Amino acid sequence: MDYLDIVQRRYACRSYLPDRVEGEKLQQVLECGRLAPTAANRQEIKIIVIPTAGREKELLKIYPREWMVEAPYVLAVCSIPAKCWTRGDSKCYSDVDAAIVMDHMITAATAFELGTCWVANFDPVAAREILQLDPSWEPVVLSPLGYPRHPAPTKTRKPLEEIVIYK
């Protein structure tokens, strides 16, 4: 599968099989996160791998959707804002770094026929408590990781003419 096929196949999966994810695939997904570019190459992020088995109830306090804990894993990407690169106008790139890391992992997961779903609407206080995060870490994005129960739906996106401006 080439890169364009992977990008076209990636979607927000909200139904997972209980099948385990092979350790090699998980490691390769995590490696793609490690290799992701970050501002000034600081890599001031943490990737947390949370097995869902036996932790469903507490994980649902972070994000209360049953499909979130159907997958065998949840991945959380945290940034460390105080250590991330900041642009001259004080724009801190911590969220951007975390987003790039997660994007690399969800793209890799798609290449391995694994499903993911970008989750930003979670309870950060519950995430900090349940995941026992260092106070300097900011949870930015979560995603379940597992085998999709259903095939990828057809995507609908705006045409390029609506989003690209040439100057």
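Residues numbered from 1 in each chain as written. Predicted model: local features only at pLDDT ≥ 70, side-chain atom pairs only at ≥ 80, totals over all residues. Heavy atoms only, no water.

### Concerning the pairing of strand β2 (residues 73-79)
- When you tally the buried positions in β2, you get 7 out of 7 residues, the bulk of the element.
- Side-chain alternation along β2 places Tyr73, Leu75, Val77 and Ser79 on one buried face and Val74, Ala76 and Cys78 on a second face that is also buried. (Buried < 20%, exposed > 50% of the residue type's maximum accessible area, 1.4 Å probe, protein only. Helix = DSSP H or I, 4+ residues; strand = E, 2+ residues; numbered from the N terminus.)

### Quick word on the side chain of Ser79
- Along the chain, Ser79 falls in strand β2.
- For Ser79, a relative accessible area of 0% gives the class buried.
- Apart from residues lying up to four places away in sequence, Ser79 is in contact with Glu44, Ile45, Cys84, Ser94, Ala98, Ser136, Trp137, Glu138 and Val140. (Contact = heavy atoms within 4.5 Å.)

### Comments concerning the packing of helix α2 (residues 23-34) against helix α4 (residues 94-111)
- Running from N to C, α2 and α4 cross one another at 145 degrees; their axes reach a closest spacing of 7 Å. Note that α2 runs across α4; the crossing there is right-handed. Taking contact as the criterion, the partners of Val29, Leu30, Cys32 and Gly33 in α2 are, on α4, Val101, His104, Met105, Ala108 and Ala109.
- In terms of residue class, the contact of α2 with α4 is built from 7 nonpolar, 2 polar and no charged. (Axes fitted to C-alpha atoms, helices over the stretch in contact; angles between N-to-C directions. Left-handed = near helix turned anticlockwise from the far one by under 90°. Nonpolar A, V, L, I, M, F, W, Y, C, P; charged D, E, K, R; others polar.)

### A look at α4
- Counted at 1.5 Å a residue, the expected span for α4 with its 18 residues is 26 Å, and the 26 Å between its end C-alpha atoms agrees.
- Along α4, the positions that sit buried rather than exposed are Ser94, Asp97, Ala98, Val101, Met102, Met105, Ile106, Thr107, Ala108, Ala109 and Thr110.
- Structurally, α4 contributes buried residues whose contacts are with α1 (3-9), α2, β1 (45-51), β2, β3 (115-116) and β4 (138-146).
- Of the residues one or two after α4, Glu113 is the one with positive phi, at around 65 degrees. (Expected span 1.5 Å × (residues − 1).)

### Details of unusual backbone geometry
- For Ser90, which is not glycine, the phi torsion reads 80 degrees and is therefore positive.
- Tracing the sequence through the fold places Ser90 in the loop between β2 and α4.
- On the accessibility criterion, Ser90 (59% relative accessible area) is exposed.
- The backbone of Glu113 shows a phi angle near 65 degrees, a positive value even though the residue is not glycine.
- Relative to the elements of secondary structure, Glu113 occurs in the loop between α4 and β3.

### Things to note about a nonpolar patch on the surface
- On the surface, a nonpolar cluster with roughly 480 Å² of combined accessible area is contributed by Leu160, Ile163, Val164 and Tyr166.
- As for its position among the elements, Tyr166 is in the segment after α6 (160-163). (Patch = residues over 30% accessible without salt bridge, like charges linked within 9 Å, V, L, I, M, F, W, Y side chains within 5 Å. Areas by Shrake-Rupley, 256 points an atom, 1.4 Å probe, with all protein chains shown as cover. Salt bridge = Lys/Arg side-chain N within 4 Å of Asp/Glu carboxyl O.)

### Thoughts on the packing of aromatic side chains
- Per the counting criterion, the structure on display carries 2 aromatic pairs.
- On the numbers, 5.7 Å between centres and 70 degrees between planes, the contact of Tyr63 with Trp67 is edge-to-face.
- According to the relative accessible area criterion, Trp67 is buried, its value standing at 12%.
- Here the guanidinium or amino end of Arg65 rests over the ring plane of Tyr63, the centre of that ring lying 5.1 Å away.
- Here the guanidinium or amino end of Lys91 rests over the ring plane of Tyr93, the centre of that ring lying 5.7 Å away. (Phe/Tyr/Trp six-rings, centres within 6.5 Å; stacked < 30°, edge-to-face > 60°. Lys NZ or Arg CZ within 6 Å of the ring centre and 35° of its normal.)

Scope: geometric values only; no functional claims are made or implied.
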